[in-house]
Amino acid sequence: MKLNVLTLPGDGIGIEVTTEAVKVLKHIAGLYGHELSLNEGLLGGIAIHKTGNPFPDETRELALHADATLMGAVGLPEFDNAPPDKRPERGLLGIRKTLEVYANLRPVRSYKALLDSSPLKNHLADGVDMIIVRELTGGLYYGTPRGISGSGAEERAVNSMVYTRPEIERVTHMAFQLARKRRKKVTSVDKSNVLENSQLWRRVVTEVAREYPDVTLDHLLVDNCAMQLVLNPKRFDVVLTENLFGDILSDEGAVLAGSIGMLPSASIGSQRPSGAWVGLYEPVHGSAPDIAGQNKANPLGAIGSVAAMLEYSFGLMEEANAVNRAMEEVLNSGRVTADLKPAGAPATTAEVGDAICATLVRPVTA
Ligand code: NAD
């Protein structure tokens, strides 16, 4: 298969973890005989330095022509007080919008080797395996009217939670199609006891669910969901929710994994004629200026994002599973970075990438 991939390492540890993710991607492509076409572009602070723009036109063109984009992270402290359109984070919003990636997928799973790093008791965290599907381009973050007006006692702020039926339908289909490949259960999260917006959400999700009779649907109010995520996280398979609720719940889910450096994410939009889903893949963490350039960053979130890319954009399940298994083996071996608090000396970022490649072997088929 031809894998047409754009990499955007970005800033800080984004560069270090992307180097390791690309190392793993090249290795697995070689192992399974895929043709890898790699381009690299500028995004974030480095793009501002080189072009004056956090999301240069050239990057935009490269992204529009790639099947999948692998991002590191953006953000540099020197831009903390810069105007909004000259901040690295503007690049992130720019690429998400350009690619129209409307579904953000965050797999959350516990690894046996990291159970003690989770704030939950081992018996609660052990065996957690869910995926949170967050609607990414609608709701409160984009709705209008919005803004702050007036002054003194008259000053007021408005944001609007807006969803259209097609926006809810497309992300719901995405969640049900994912569930079909997993344990066939979707939990839709809303606040329909209070918000009209959520009432429409619940009604449309229920209607779409009728097209997937093999998948079970249940509904949870968001406050109850926040509680269930820590009381009984194993009850969840696919969690489907709107933008704001998903933003909050996915960070809550993140603590189950033990370190922010572990978490991959995938944002998915339309399908190419080749069958590939246009996708933006990135670790959940930021550019971590406090450890940047020290070869200390955990690259497993970025490497997990490669596994997600192989699965969602290219449908290469065997290759994705091989990367996930290699990650598990390396975690069990204790060759991990300092954030995971290994018993011995911590491994460097590059050593973890090398260990994953050394562990990755193509299974011998009978
Ligand atoms: P951060 O995720 O960069 O760092 C938070 C803490 O976690 C830091 O102590 C850091 O050292 C640690 N950490 C993060 N990733 C790690 C890894 N892979 N291995 C080991 N430790 C890791 O969040 P922040 O400090 O709030 O933000 C720093 C910059 O990143 C800001 O400019 C912010 O805007 C940007 N940011 C970018 C993205 C993105 O590009 N998607 C996401 C979040 C934050």
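Residues numbered from 1 in each chain as written. Predicted model: local features only at pLDDT ≥ 70, side-chain atom pairs only at ≥ 80, totals over all residues. Heavy atoms only, no water.

## Here we look at the pattern of salt bridges
Moving on, step 1. Going through the model one piece at a time under the given rule, you end up with 18 salt bridges.
Moving on, step 2. Among the ionic pairs, Asp247 bridges to Arg134, the shortest N-O distance being 3.8 Å. Residue Asp247 is found in helix α9 (residues 243-254), and its partner Arg134 is found in strand β5 (residues 129-135); the two are separated by 113 residues along the sequence.
Moving on, step 3. Note on Asp247: relative accessible area 24%, which makes it partly exposed.
Moving on, step 4. Here Asp237 ties to Arg182 by a salt bridge, and the two come within 2.7 Å at their closest N and O atoms. With a gap of 55 residues between them, Asp237 in the loop between α8 (222-231) and β10 (238-241) and Arg182 in the loop between α6 (165-180) and β8 (185-190) connect regions that are remote in the sequence.
Moving on, step 5. A relative accessible area of 1% places Asp237 in the buried class.
Moving on, step 6. Its relative accessible area of 25% is what places Arg182 among the partly exposed residues.
Moving on, step 7. Here the salt bridges do not stand alone but share partners, grouping Asp129, Arg182, Arg183 and Asp237 into one network. (Salt bridge = Lys/Arg side-chain N within 4 Å of Asp/Glu carboxyl O. Helix = DSSP H or I, 4+ residues; strand = E, 2+ residues; numbered from the N terminus. Buried < 20%, exposed > 50% of the residue type's maximum accessible area, 1.4 Å probe, protein only.)

## Quick word on unusual backbone geometry
Moving on, step 1. A cis geometry characterises the amide bond from Thr144 onward to Pro145, with omega recorded as 0°.
Moving on, step 2. With respect to the helices, strands and loops of the structure, Pro145 is situated in the loop between β5 and β6 (147-149).
Moving on, step 3. We note that Lys184 has phi near 60°; this positive angle belongs to a residue other than glycine.
Moving on, step 4. Mapped onto the fold, Lys184 is located in the loop between α6 and β8.

## Overview of the sheet that holds strand β1 (residues 2-10)
Moving on, step 1. The strand order β2-β1-β3-β12-β11-β4-β5-β10-β8-β9 describes an open sheet built from 10 strands, whose pairing is mixed. Either end of the sheet is taken by a strand with one partner, and the two such strands are β2 (35-40) and β9 (216-221). Adjacent strand axes in the sheet meet at a mean angle of 20° when their direction is disregarded.
Moving on, step 2. Pairing between β1 and β2: six bridges, direction parallel. By the bridge assignment for β2, Leu6 is matched with Asn39.
Moving on, step 3. The strands that α8 touches are β5, β8 and β9; relative to β9, the one it contacts most, it runs at about 105°.
Moving on, step 4. Of the strands in this sheet, β4 (103-109), β5, β8 and β10 are in contact with α9, which crosses β5 at around 155°. (Pairing = 2+ DSSP bridges. Axes fitted to C-alpha atoms, helices over the stretch in contact; angles between N-to-C directions. Contact = heavy atoms within 4.5 Å.)

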